[in-house]
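Architecture at a glance
So the chains spell out like this:
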Amino acid sequence: MGDGALSVWERSSTTRVVPPARPRKLAKVPFAELADGRLQGVVSSGSDIGRVYVSSVEAGTYAFACSTNNNRPCGGARGGFCNHIRALVDESVLQYGVERVARYLKVEVTGEDPDGHTVFSAMFDTRPAQGDRAAAAQVFSRFLRHLAYLELAPATAALPEMQWFPTTRAVA
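Please read these numbers as outputs of a predicted model, since none were measured by experiment.

Turning next to the pattern of salt bridges. Throughout the structure, instances matching the rule amount to four salt bridges. Close ionic contact of Glu33 with Arg142 constitutes a salt bridge, the shortest N to O distance being 2.7 Å. Here the residue Glu33 occupies a position in strand β1 (residues 31-35), and Arg142 occupies one in helix α5 (residues 136-150), the gap between them amounting to 109 residues. The salt bridge involving Asp36 is made with Arg142; its shortest N-O contact spans 3.1 Å. A residue pair is termed long-range when its members are at least 10 positions apart, and Asp36 in the loop between β1 and β2 (38-44) and Arg142 in helix α5 qualify at 106 residues. Owing to a relative accessible area of 29%, Arg142 belongs among the partly exposed residues under this scheme. In this structure, a network of salt bridges that share partners links the residues Glu33, Asp36, Arg38 and Arg142.

Attention now goes to the packing of aromatic side chains. Enumeration over the complete set of coordinates arrives at six aromatic pairs. Between Phe81 and Phe120 the ring centres are 5.3 Å apart and the planes differ by 50°, which places this aromatic pair in the tilted class. Taken together, the residues span a long stretch of sequence, with Phe81 in the loop between β4 (64-68) and α2 (83-96) and Phe120 in helix α4 (residues 116-124) at a distance of 39 residues. On the basis of relative accessibility, which here comes to 9%, the residue Phe81 falls in the buried class. Ring centres of Phe140 and Phe143 lie 5.9 Å apart, and the angle between their planes is 45°; on these two criteria the pair is classed as tilted. A residue pair is termed a helical-turn pair when its members lie 3 or 4 positions apart in one helix, as Phe140 and Phe143 do in helix α5 at three residues. You can call Phe140 buried: its relative accessible area is 18%. Using a relative accessible area of 9% as the deciding quantity, one classes Phe143 as buried. These aromatic residues form a ring-pair network of at least three members: Phe64, Phe81, Phe120 and Phe124.

Before going further, it helps to examine the nonpolar core. Counting residues in each nonpolar core, the largest one holds 28 residues, and the members touching the most others are Phe81, Ile85, Leu105, Val119 and Met123. Those elements that place two or more of their residues in this core are β1, β2, β3 (52-58), β4, α2, α3 (98-105) and α4. Here this core gets five residues from one element, more than from any other, and that element is α2. In contact with Leu105, not counting residues within four places along its chain, are Leu39, Val57, Glu58, Ala59, Gly60, Tyr62, Val119 and Met123. Judged by nonpolar contacts, the second largest core, of eight residues, contains Val42, Val54, Ala136 and Phe140.

Here we come to a nonpolar patch on the surface. There is a patch of nonpolar side chains on the surface, built from Leu144, Leu147 and Leu150 and spanning about 290 Å² of accessible area. Relative to the elements of secondary structure, Leu144 occurs in helix α5.

Of note in this structure, Tyr62 is not a glycine but carries a positive phi near 65°. Overall, the relative accessible area of 8% leaves Tyr62 in the buried class. If you check the backbone angles, Lys106 has positive phi at about 65° while not being a glycine. Since its relative accessible area comes to 58%, Lys106 is described here as exposed.

Procedures and definitions
- Residues numbered from 1 in each chain as written.
- Predicted model: local features only at pLDDT ≥ 70, side-chain atom pairs only at ≥ 80, totals over all residues.
- Heavy atoms only, no water.
- Salt bridge = Lys/Arg side-chain N within 4 Å of Asp/Glu carboxyl O.
- Helix = DSSP H or I, 4+ residues; strand = E, 2+ residues; numbered from the N terminus.
- Buried < 20%, exposed > 50% of the residue type's maximum accessible area, 1.4 Å probe, protein only.
- Phe/Tyr/Trp six-rings, centres within 6.5 Å; stacked < 30°, edge-to-face > 60°.
- Core = buried A, V, L, I, M, F, W, Y, C linked by side-chain atoms within 4.5 Å.
- Contact = heavy atoms within 4.5 Å.
- Patch = residues over 30% accessible without salt bridge, like charges linked within 9 Å, V, L, I, M, F, W, Y side chains within 5 Å.
- Areas by Shrake-Rupley, 256 points an atom, 1.4 Å probe, with all protein chains shown as cover.

Printed below as a string of structure tokens:
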């Protein structure tokens, strides 16, 4: 079915998906996003298959937070970035590109070929403070929502929860 079979509204109501800068492995960092003034996401535990960490770095200040999915603090994030945050930065650079991540986080990257390590080092050198873990629940909830969409059978019908706007003939 080509574009000719779709109405103008159907063609214009889709969200443009930006392809990843490079392919990445989803096993270590299954969810990463640039949202709410932070780089935030879910990082798998290296030691326990049933545990994940919700990590975030605030744009500009680089205040960081890392905790488990049941809101226990990360043991490695005491006084500095932990390995979960390092993995989140590296995978985000693969997904979004180094320029976009650096611009969003307000990181000055230098060198000929900057990468995730360059972004991480620039933030680490500022000795950022530990931030608030309050947003972890929202990030984890969005991650679970994304997982729920993966379990749906492929279909062309609209999802009720994705219909944010009423039809054009609706009366308020």
